[in-house]
Amino acid sequence: MKHEEKLLYSFYQSELGVSIGRVEETIKAALLPSNLCFMFKLPDPTPVIEINRLAYSVNDKPIEYRHQLCVTRKYHYTVSGQFEDNVEF
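As the structure is a prediction and not an experimental result, all values here were calculated from the model.

Looking now at the overall build of the protein chain. A count of helical and extended segments in the protein chain gives two helices and three strands. Along the protein chain, helices (α) and strands (β) appear in the sequence α-β-α-β-β when read from the amino end. Counting all 89 residues of the protein chain, 18% fall into the buried class. When the accessible area of the protein chain is evaluated, it comes to approximately 7,600 Å², of which 54% is carbon and sulfur surface.

Listed below in structure tokens is the structure:
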């Protein structure tokens with residue numbers, strides 16, 4: 001299947017008719033499993049950031065589960081957000 005979309009959730013919407021309504025993401029420090037250290041020729045243990053994401057449709061049905069292990073020697077994970085003007089605390 002050839003498609004023009006470069007963003008995954010845009011692809012879900014344009015090609016599959018599925019709109020993502022929300023995501024839940026959990027991030028924690030972990031150690032890369034020994035077999036992956038061996039496979040990627042990394043020291044054992046190697047610290048990583050473990051990211052688990054669950055994306056839900058606008059009808060609140062789970063659509064996507066993503067599990068990532070990120071070696072952070074050269075990369076960093078940044079999260080940013082913006083509050084709406086009418087939000088009260």
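The way to describe two aromatic rings as a pair is by their centre distance and the angle between their planes. Under the definition given, this model contains one aromatic pair. The aromatic ring of Tyr56 is capped on one face by Arg22, whose charged end is 3.9 Å from the ring centroid.

The next point concerns a nonpolar patch on the surface. A contiguous nonpolar patch, built from Ile27, Tyr77 and Val79 and spanning about 280 Å² of accessible area, is present on the exposed surface. With respect to the helices and strands, Tyr77 occurs in the segment after strand 3 (62-71). Classification of Tyr77 as partly exposed rests on a relative accessible area of 35%.

Relative to the helices and strands, Glu64 resides in strand 3. Among the polar contacts made by the side chain of Glu64, one reaches the side chain of Arg66 at a distance of 3.0 Å. Beyond its immediate chain neighbours, meaning those up to four positions away, Glu64 contacts Leu8, Tyr9, Tyr12, Arg53, Leu54 and Ala55.

The next thing to look at is the nonpolar core. Residues Ala30, Leu32, Cys37, Leu42 and Val48 constitute the largest nonpolar core, which totals five residues. If sequence neighbours within four positions are ignored, Cys37 has contacts with Leu32, Leu42, Pro43, Asp44 and Thr46.

Sheet strands pair by backbone hydrogen bonding; their relative direction is either parallel or antiparallel. Spatially, 1-2-3 is the arrangement adopted by the three strands of the open sheet, whose pairing is antiparallel. Every other strand in the sheet has two partners, leaving strand 1 (20-31) and strand 3 as the edge strands with one partner each. Going from strand to strand, the sheet's axes swing by 15° on average, the running direction of each strand aside.

Looking now at the pattern of salt bridges. According to the stated counting rule, one finds four salt bridges in the structure shown. Across the pair Glu64 and Arg66 runs a salt bridge, and its minimum N-O distance is 3.0 Å. On the basis of relative accessibility, which here comes to 10%, the residue Glu64 falls in the buried class. Beyond isolated ion pairs, a larger network of salt bridges with shared partners links Arg22, Glu24 and Asp60.

Basis of the calculations
- Every chain is numbered independently, its residues counted from 1 as its sequence is written.
- Given that this is a predicted model, residues contribute local features only at a pLDDT of at least 70 and side-chain atom pairs are listed and counted only at 80 or more, while totals for whole chains, interfaces and linings are drawn from all residues.
- Heavy atoms from the whole structure form the basis of all side-chain values; hydrogens and water molecules are not counted.
- By definition, any uninterrupted DSSP run of H or I lasting at least four residues is a helix, any uninterrupted run of E lasting at least two residues is a strand, and each is numbered from the N terminus.
- Each residue's exposure class comes from its accessible area (1.4 Å probe, protein chains only) as a fraction of the maximum for that residue type: buried when under 20%, exposed when over 50%, partly exposed otherwise.
- For the area figures, the Shrake-Rupley method with a 1.4 Å probe applies, and any residue is considered shielded solely by the protein chains shown.
- The rule is short: rings of Phe, Tyr and Trp, with Trp giving its six-membered ring, pair when the centres are within 6.5 Å, and they are stacked under 30 degrees, edge-to-face over 60, tilted in between.
- To sit over a ring, a charge needs its Lys NZ or Arg CZ within 6 Å of the ring centre and within 35 degrees of the ring normal.
- Any residue with relative accessible area above 30% and no salt bridge may belong to a patch, with like charges joined within 9 Å and the nonpolar Val, Leu, Ile, Met, Phe, Trp and Tyr side chains within 5 Å.
- Every case where a carboxyl oxygen of Asp or Glu lies within 4 Å of a side-chain nitrogen of Lys or Arg is listed as a salt bridge.
- Within 3.5 Å is the distance limit for a polar contact, defined as a pair of N or O atoms, with the added protein rule that one can donate a hydrogen and the other accept it, and that residues adjacent in sequence qualify only through two side-chain atoms.
- Here, residues are in contact when the closest pair of their heavy atoms is within 4.5 Å.
- We call a set of buried residues a nonpolar core when its members are Ala, Val, Leu, Ile, Met, Phe, Trp, Tyr or Cys and they connect through side-chain atoms within 4.5 Å of each other.
- Strand pairing follows a simple DSSP-based rule, namely that at least 2 bridges must link the two strands.
- Axis lines are fitted to C-alpha atoms, over the contacting stretch for helices. Their N-to-C directions set the angle, which ranges from 0 to 180 degrees.

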